[in-house]
Amino acid sequence: MASITYAEAIAQALRHALELDERVVVFGNFFGGITEHQRHFNALGSDYPDRVLVPPWSEMGNCGLGTGAASVGMRPVVDLVTGSFVFQAYPQVVNEAANIEYMGGGQTKVPVVFHMLTGIREAGAAQHSHTPQAMLWNTPGLMLSLPATPADAYGLLMHALLECEQPTAYFSHPVLFDETEEIDDWEAARVPPGTARITRDGADVTIVATSIMVSRAQRAAATLAERSIDCEIVDLRTLVPYDGDTVLASVARTGRVVVADECHRSAGVAAEIIARITERAADRLRAAPRRVCTPDVPVPFSPPLERAVIPDEDKIVQAVLEVTR
Amino acid sequence: MSKPRREQLLVWHREMVRLRAFEEAVARGHRDGQLPGLLHLAMGGEAVTTGLFNCLTETDRVYSAHRPHQHFVASGVDPRLVMAELAGRETGLCHGRAGTMHLMSDRVVMGTGIVGGTISLAVGHAVTQDDGDVVVALFGDGAVQTGTFHESMNLAALWKVPVLFLCENNGWAEFSSRDEHTTVGGVVRYGELYNIPAREVDGTDVEAVVEAIHAMLGPIREGQGPALLECHIARMRSHYEGDFREQTSDGDPLLTIEATLTEGLGVDAAQLEGVREDELARGIELLESVLAQEPEPDPADDRRFLYAAGDA
């Protein structure tokens, strides 16, 4: 069995996609950020010098570059590096890439992937810690992938690079880079988007989670099991498409729900998911839903303050205790 | 220049050494795991920073970028406040909320974690300045490849905004060398394009820097519009502390000024070495004192400085 890290899985997806489809091209190559995992991506750059290109630090231009190339048949991935840098590129991501297929009445597809390292990462402070998935979910026309595991990091990126016909915002998380998983069969890791995964069966409460919050939910569930509370965990994997059926079926079984996502709270991902659940299944809920997310505070630099705002497993435990009281 | 050259250079030398020593202490604190975050040090830029503040009035303002520590210390901010901020302490310059890149104060208004993030803010500040005051926009050569640089240059030229665009060109944009990110040889060339007076200068030579900035500030203060100065400096450290890439460039401004002092002006090398030892000891003492004495913020205080709680 091969033990693969989350970061390595991203590099492997890029490598396999470059091998399989000559339309794949990589614009920007700092997927590993400032971690030692960057060596996998450096190797990729050495192996594909003509197809792994590093443009200047011009995010808006680079996202336009990927969008334009995609519109004429390429399958580019643009590495924005830090998620907060997507704000430098908003016009091309939100107002061009996301709109082109619809505005053109379907004439032109733009299968471009925008990669970003999102989330609270230890002293990244207010300008390097964003989780822009809620802001981008508010943009019709984008696929949103938030892999929580190495296999999904691989599978969702492979789908975006080789099969998807829409622009995809792909959110990796630097705190997940060291997570490992045994992966033998890469082909089996290629899951279609829009299929949530139940990572833990449970009878008492459903925890719907994305990205980094899935592993935090697993740890919370282990703690709660000691107190005889049995949690079911739904890893959404993608927000667009959204697998409402799996969420609703789980909530119908447990009657209680906590939603965990690292976005800021107001108008966040958790808020939207709770709205969807209550619109369709309010009669199945035996307690008011709870959300676990980052409070509406710019992420502070100071370590004790940062720790205070991170939506960690203790906060999930607290929320579960509130809905099961 | 009122002081004799030798005396003036000795003053500037001590100031440059003080800035260097502050960051030597920061580097040590980071290496020891006591200063968090992604630290971008400005070692190599001491002559530009020292020369700049020599030329500014108390009411001029400066916008910094992602290597801001030395700019703040040189502006007269108590180094203890800066060090406490870098340690994330409640008593830091920004109460621990900002950290390394996002420092804020009075004369140096702010740094930024975003390449090109403050250039247009400097222009906005400058349109409100009283006659005769100048705002300096400091940025690196990487920021020249962002749209805001060009948007800001264009508007400042059009409206004759009193801004000095000061590019500290250290030859690197994060992990890309200049040749890898542009075909435009010199940043100074954009001056002609936007009809802005432009010069380039050896940024390791504090006297050359002072001469150039003095010459450029005059017309700006008189209302003739912005100017662009490109200072060629070294990036003596990699992009961030701990970076395995070791992408640096040569040109230590301390060696330049020390050569001038010893070779041409008869200063004893041992005297200069004494200044270095003295300032480094002060820097380390400051680091240790801050780490030992300044309090951490109270985690319950995480909403402080928010105008309104959006999630009430």
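What you are looking at is a predicted structure, and each value in this text was computed from that prediction instead of being measured.

Parameters and conventions
Residues numbered from 1 in each chain as written. Chains lettered and ligands numbered in written order. Predicted model: local features only at pLDDT ≥ 70, side-chain atom pairs only at ≥ 80, totals over all residues. Helix = DSSP H or I, 4+ residues; strand = E, 2+ residues; numbered from the N terminus. Rg over C-alpha atoms; globule rule 2.2 N^0.38 Å. Buried ≥ 20, exposed ≤ 12 C-beta atoms within 10 Å, placed from the backbone. Contact = placed C-beta atoms within 7 Å. Domains from an automatic or database assignment. Nonpolar A, V, L, I, M, F, W, Y, C, P; charged D, E, K, R; others polar. Axes fitted to C-alpha atoms, helices over the stretch in contact; angles between N-to-C directions. Left-handed = near helix turned anticlockwise from the far one by under 90°. Pairing = 2+ DSSP bridges. Expected span 1.5 Å × (residues − 1). Core = buried A, V, L, I, M, F, W, Y, C linked by C-beta atoms within 7 Å. Parallel < 35°, antiparallel > 145°, perpendicular 65-115°, else oblique.

## Brief notes about the overall build of chain A
Step number 1: Within chain A one finds 11 helices and 14 strands.
Step number 2: Its C-alpha atoms give chain A a radius of gyration of 19 Å, near enough to 20 Å, the size a compact globule of 325 residues would have.
Step number 3: In terms of overall dimensions, chain A has a C-alpha envelope of 60 × 45 × 40 Å along the principal axes.
Step number 4: Counting over 325 residues, chain A shows a buried share of 56%.
Step number 5: Within chain A, contacts between residues separated by at least 24 positions form 79% of all contacts whose residues are at least 6 apart in sequence.

## A look at the overall build of chain B
Step number 1: Summing up its helical and strand segments, chain B has 11 helices and 8 strands in all.
Step number 2: Taking 312 residues into account, the globule formula puts the C-alpha radius of gyration at 20 Å, and chain B, at 19 Å, falls close to it.
Step number 3: The buried share of chain B, taken over its 312 residues, is 53%.
Step number 4: Expressed as a percentage of contacts within chain B between residues at least 6 apart in sequence, the contacts between residues at least 24 apart total 74%.

## Some remarks on the domain arrangement of chain A
Residue and element names in this part refer to chain A.
Step number 1: Under the domain assignment, chain A is made up of domain 1 (3-189) and domain 2 (197-323).
Step number 2: Placing the centre of domain 1 and that of domain 2 at their C-alpha centroids yields a distance of 25 Å.
Step number 3: Listed by partner, the interface residues are 25 residues for domain 1 and 23 residues for domain 2.
Step number 4: Tallied by class, the residues present in the side of domain 1 that touches domain 2 amount to 16 nonpolar, 7 polar and 2 charged.

## Section: the packing of helix α8 (residues 244-254) of chain A against helix α9 (residues 269-281) of chain A
Residues and elements named next belong to chain A.
Step number 1: Where α8 contacts α9, the two axes come as close as 11 Å, and the packing angle between them is 65°. Between α8 and α9 lies a crossing of right-handed hand. Along the contact surface, α8 presents G244, V247, L248, V251 and A252, while α9 presents R276, I277, R280 and A281.
Step number 2: Across the contact of α8 with α9, the residue classes break down as 6 nonpolar, 1 polar and 2 charged.

## What about the sheet that holds strand β4 (residues 163-169) of chain B?
Residue and element names in this part refer to chain B.
Step number 1: Strand order in the open sheet made by the 6 strands is β2-β1-β3-β4-β8-β7, with parallel pairing throughout. Here the strands that pair on one side only, and so sit at the sheet edges, are β2 (108-110) and β7 (198-202). Each strand of the sheet is rotated relative to its neighbour by a mean of 25°, with strand direction disregarded.
Step number 2: Pairing analysis gives 3 bridges linking strand β1 (residues 61-63) to strand β3 (residues 135-140), with the strands arranged parallel. Each residue of the ladder has a partner; that of Y63, found in β3, is A137.
Step number 3: Sitting on the sheet, helix α9 (residues 206-221) is in contact with β4, β7 and β8 (227-232), with an inclination near 170° to β8.

## Quick look at the interface of chain A and chain B
Often, the extent of an interface is quoted as the loss of accessible area upon association of its parts.
Step number 1: Chain A puts 27 residues into the contact, and the matching count from chain B is 33 residues.
Step number 2: The residue makeup of the side of chain A that touches chain B, split by class, is 17 nonpolar, 6 polar and 4 charged.

## Focus on the pairing of strand β11 (residues 231-235) of chain A
All names here are of chain A.
Step number 1: Most of β11 is tucked away, with 5 of its 5 residues classed as buried.
Step number 2: Across the two faces of β11 the burial is the same, with C231, I233 and D235 and E232 and V234 all buried.
Step number 3: As paired elements, strand β9 (residues 197-200) and β11 share 3 bridges and run antiparallel to each other. Within β11, the residue paired with R200 across the bridge is I233.
Step number 4: The pairing of strand β10 (residues 205-209) with β11 spans 5 bridges and is parallel. Across the sheet, the residue bridging to A209 is D235, located in β11.

## Structural notes on helix α11 (residues 269-293) of chain B
Residues and elements named next belong to chain B.
Step number 1: Given a rise of 1.5 Å per residue, 25 residues ought to cover 36 Å, and the 36 Å separating the end C-alpha atoms of α11 matches this to within 8%.
Step number 2: Within α11, burial applies to E279, G283, L286, L287 and V290.
Step number 3: For α11, the elements touching its buried residues are α1 (5-31) and α4 (79-86).

## Quick look at unusual backbone geometry
All names here are of chain A.
Step number 1: Look at the link from V240 to P241: it is a cis peptide, with omega at 0°.
Step number 2: Relative to the assigned elements, P241 resides in the loop between β12 (238-240) and α8.
Step number 3: You will see that S211, though not glycine, has its phi angle at about 45°, which is positive.
Step number 4: Among the secondary structure elements, S211 is positioned in the loop between β10 and α7 (212-225).

## Focus: the nonpolar core
Step number 1: Ranked by internal contacts, the top residues of the largest apolar core, which has 97 residues, are F114, V258 and V320 of chain A.
Step number 2: Among the domains, domain 1 (3-189) and domain 2 (197-323) of chain A are the pair contributing at least three residues each to this core.
Step number 3: When near neighbours in sequence (up to four residues on either side) are disregarded, F114 of chain A contacts C63, V78, L80, V86, V93, A169 and Y170 of chain A.
Step number 4: Listed in part, the 96 residues of the second largest apolar core include V48, V108, V134 and V161 of chain B.

## Things to note about the sheet that holds β9 of chain A
Residues and elements named next belong to chain A.
Step number 1: Sheet architecture is open: 5 strands sit in the order β9-β11-β10-β13-β14, paired in mixed fashion. Strand pairing shows two members of the sheet lacking a second neighbour, β9 and β14 (290-294), which therefore form its edges. Put simply, the sheet's adjacent strands are angled 25° from each other on average, direction ignored.

## Remarks on the packing of helix α1 (residues 6-20) of chain A against helix α2 (residues 38-47) of chain A
Residues and elements named next belong to chain A.
Step number 1: Put simply, α1 and α2 touch, their axes get as near as 9 Å, and they point 15° apart. Relative to α2, the element α1 lies roughly parallel. At the point where α1 passes α2, the crossing takes the right-handed sense. For the pair formed by α1 and α2, the contact residues are A7, E8, A11, L14 and R15 on the first element and H40, F41 and L44 on the second.
Step number 2: Classifying every residue of the contact of α1 with α2 gives 5 nonpolar, 1 polar and 2 charged.

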